[in-house]
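# Observations on chain architecture
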Amino acid sequence: MPGLVMSDSASGKDSPAKLTVQVFVCSVIAAFGGLMFGYDIGISGGVTSMDDFLEKFFPVVYVRKHKAREDNYCKYDDQFLQLFTSSLYLAAIVSSFVASVICRKLGRKPTIQAASIFFLVGAILNAVAQNLGMLIAGRLLLGAGVGFGNQAVPLFISEIAPARYRGGLNICFQFLITVGILIANVVNYYTSNIHPYGWRISLGGAAGPAIILLVGSLIIKETPTSLIERGKEEEGLHVLRKIRGTEDVHREYNEIVDAIQLAKQVKHPFRNLMSRPYRPQLICGTILQIFQQFTGINVVMFYAPVLFQTMGLGSGASLLSAVVTDSINSVSTLVAIFTVDKVGRRILLIEAAVQMLIAQTVMGIILKMNLQSTNIMPKHAALLVLILICVFVSGFAWSWGPLGWLVPSEIYPLETRSSGFFFAVSMNMFCTFIIAQAFLTMLCHMRSAIFFFFAAWIVVMGLFAVFFLPETKGVPIDEMVDRVWKKHWFWKSYYKNYHNDKGELEIQDKSQEKPVASRS
């Protein structure tokens, strides 16, 4: 494998760090947590459009869909139907907090293993569900798996990856999310014709990626940072040498040790996260999650079959259309993998914001002109909307989708890394819950204007990326503060008044009598 170097800011020298087979394999195995998440995102929308599923659990929606002349925009407006999709994300919010503690206390690897077990049990419960209570209970367990997986996997990959390849390896997580969505919609396409239990096959299929992750998690190595953080210095050094493919890892090892010594002085990471020097990372890491979800992407991912049926496509055609958009999603994510460490994070975010804005706006105009309350949308207009959805999805897939997870996983210093990423994960899950719970109702009341609603959000997020988001490409994860945040035109003001006479950054920890100092 070709070697690469990691810059050492203190000495100005370079530390060798190869992209080894070990790092690649561990990253791919861990990224199967994304396959679990993606499968669930894709499967729920297709299942909620299946007649057998609706007739058993949501008979009112079934009747409205087939036997009543309803408004095109309102036939699926049911809070309990939306709760089937959104309940997972409530569980994910709570579980991501627990996972952040386990990540810090026990390590990234056990957290990933717990994610696979939760997801496996939830999938089985959904597959055998006899009533709505069992169905929701299964969704809550799936949510616990998602919370644990989304908390641990991006951190795991960011900590084992060499700086130069960190972006591409981390985006493997998002790529497998898109693959999971695609697989789920292919499964739905075929199981929709298996009566009356096709939906059980679809929901039970979530056990597949959970088993792969569970078995794979027995192979992966714990991150050196986590091992050293928990007092296992020799093992951490051994793993660092193994994943870097060289004995010469002393500079990187010392960087990790220095960061851990600083982190151990911070007794209350959640409290310190709110202090002024950590606020830039907290704001950027959290707001990216809001923006990611309010692009409107989950309108497409969760409810694509429902949305296409609203436009007049039949059940089979709507599922096939969802497969097409999901294929675009997966292929476009590969663009991010191969470009993010070359062109950087910001340029992908800004370009995609423009692309998604145009697509959302034109979609809204077409629906406004062609889809009324009771008519069937002309086929040519429906086809044009499908094309625009593909344009929108491709832009999201190489930007706000993967980078919404990558950037928060790499910007926090070690002392607040787990707690900071918890805020990112929980905000993502909270916003996903809002969209999943509210979309069908919003579609009923806002109609085509819902696309203009999301377009307005895209304008805001594009401006944020232009003016407030710093570039993190190629910067070692433990040198972000010095090399990124202190040099940004806006965020550098948060560090001006926190330097002592030794040039050290002081972080006030209220649990101690003296301020805790970190290296400048």
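Residues numbered from 1 in each chain as written. Predicted model: local features only at pLDDT ≥ 70, side-chain atom pairs only at ≥ 80, totals over all residues. Heavy atoms only, no water.

A word on the overall build of the protein. Scanning the protein from terminus to terminus reveals 22 helices and four strands. Within the protein, the fraction of its 520 residues that count as buried is 61%. Sequence separation of 24 or more characterises 78% of the internal contacts of the protein that already satisfy a separation of 6 or more. Accessible area of the protein: about 19100 Å², with a carbon and sulfur share of 66%. (Helix = DSSP H or I, 4+ residues; strand = E, 2+ residues; numbered from the N terminus. Buried < 20%, exposed > 50% of the residue type's maximum accessible area, 1.4 Å probe, protein only. Contact = heavy atoms within 4.5 Å. Areas by Shrake-Rupley, 256 points an atom, 1.4 Å probe, with all protein chains shown as cover.)

Our next topic: the packing of aromatic side chains. Across all of its chains, the model carries 25 aromatic pairs by this definition. Their ring planes at 70° and their centres at 6.4 Å tell us that W485 and W491 sit as a pair that is edge-to-face. The exposure class assigned to W491 is buried, which follows from its relative accessible area of 3%. Members of the aromatic cluster, connected to one another through ring pairs, are F291, W400, F464, F468, W485, W489, F490, W491 and Y494. Here the basic side chain of K56 rests over the ring of F57, its NZ or CZ set 5.8 Å away from the ring centre. Of note, R276 hangs over the ring of Y494, and the distance from its end group to the ring centre comes to 4.5 Å. (Phe/Tyr/Trp six-rings, centres within 6.5 Å; stacked < 30°, edge-to-face > 60°. Lys NZ or Arg CZ within 6 Å of the ring centre and 35° of its normal.)

Attention now moves to the nonpolar core. Within the largest apolar cluster, 139 residues are counted, with the highest numbers of intra-cluster contacts made by F53 and W400. Here the element with the most residues in this core is helix α1 (residues 21–47); it accounts for 12 residues. Not counting the four nearest positions on each side in its chain, W400 is found in contact with L288, F291, Q292, T295, L349, A352, A353, M356, M461 and A465. (Core = buried A, V, L, I, M, F, W, Y, C linked by side-chain atoms within 4.5 Å.)

Running from N to C, helix α4 (residues 79–105) and helix α6 (residues 132–160) cross one another at 40°; their axes reach a closest spacing of 6 Å. Between α4 and α6, the angle falls in the class oblique. Note that α4 runs across α6; the crossing there is right-handed. Broken down by class, the residue content of the contact of α4 with α6 amounts to 19 nonpolar, eight polar and one charged. (Axes fitted to C-alpha atoms, helices over the stretch in contact; angles between N-to-C directions. Parallel < 35°, antiparallel > 145°, perpendicular 65-115°, else oblique. Left-handed = near helix turned anticlockwise from the far one by under 90°. Nonpolar A, V, L, I, M, F, W, Y, C, P; charged D, E, K, R; others polar.)

This part takes up the side chain of S44. Its location among the elements puts S44 in helix α1. For S44, a relative accessible area of 0% corresponds to the buried category. Reaching out from S44, the side chain makes a polar contact with the backbone oxygen of I41 at a distance of 3.3 Å. (Polar contact = N/O pair within 3.5 Å; in protein donor to acceptor, adjacent residues only side chain to side chain.)

Here we come to the confidence of the model for the protein. Summing up the model confidence of the protein, the mean pLDDT is 83 and the portion of residues at 70 or higher is 85%. Predicted confidence for residues 499–505 stays below pLDDT 50, and this span has 18 contacts to residues more than four positions away or in other chains. (pLDDT = per-residue confidence, 0-100.)

Moving on to the pattern of salt bridges. The final tally for this structure, using the stated rule, is 12 salt bridges. Between E222 and R230 there is a salt bridge, with its nearest N and O atoms 3.6 Å apart. Overall, the relative accessible area of 9% leaves E222 in the buried class. Across the salt bridge formed by R345 and D341, the nearest N and O atoms sit 3.1 Å from each other. (Salt bridge = Lys/Arg side-chain N within 4 Å of Asp/Glu carboxyl O.)

Moving on: the packing of α1 against helix α7 (residues 166–191). In the contact formed by α1 and α7, the axes pass within 5 Å of each other and the chain directions differ by 35°. Between α1 and α7 lies a crossing of right-handed hand. Residue composition of the contact of α1 with α7, grouped by class: 21 nonpolar, nine polar and no charged.

What follows deals with helix α14 (residues 279–293). With 15 residues, α14 should reach 21 Å at 1.5 Å per residue; the first-to-last C-alpha distance of 22 Å fits that figure. Where burial is concerned, most of α14 is hidden: 11 out of the 15 residues are buried. (Expected span 1.5 Å × (residues − 1).)

Turning next to α6. The end-to-end C-alpha distance of α6 is 42 Å, a good match for the 42 Å that 29 residues give at a rise of 1.5 Å each. A large share of α6 lies buried, amounting to 23 of its 29 residues. Near the N-terminus of α6, the side chain that reaches the backbone nitrogen of G133, with its oxygen 3.1 Å away, is that of N131.

Below, the discussion takes up a nonpolar patch on the surface. Where nonpolar side chains cluster on the molecular surface, the patch consists of V459, L463, V466, F467 and W489 and spans about 470 Å² of accessible area. You can see V466 is positioned in helix α21 (residues 449–467). (Patch = residues over 30% accessible without salt bridge, like charges linked within 9 Å, V, L, I, M, F, W, Y side chains within 5 Å.)

Scanning all chains against the criterion turns up five cavities of 30 Å³ or more. By volume, the second largest cavity is sized at about 170 Å³. The wall of the second largest cavity is formed by 16 residues, among which I41, Q174, I177, N298 and F396 lie closest to the centre. Looking at the lining of the second largest cavity, the elements with two or more residues in it are α1, α7, α14, α15 (297–310), α19 (400–411) and α20 (417–446). Taken together, the residues of the lining of the second largest cavity break down into eight nonpolar, eight polar and no charged. (1 Å grid on protein atoms, 1.4 Å probe; cavity = no way out; pocket = protein on both sides within 12 Å on 5 of 7 lines; lining within 4 Å. Points joined across faces, edges and corners; volume = space filled by probe spheres on them.)

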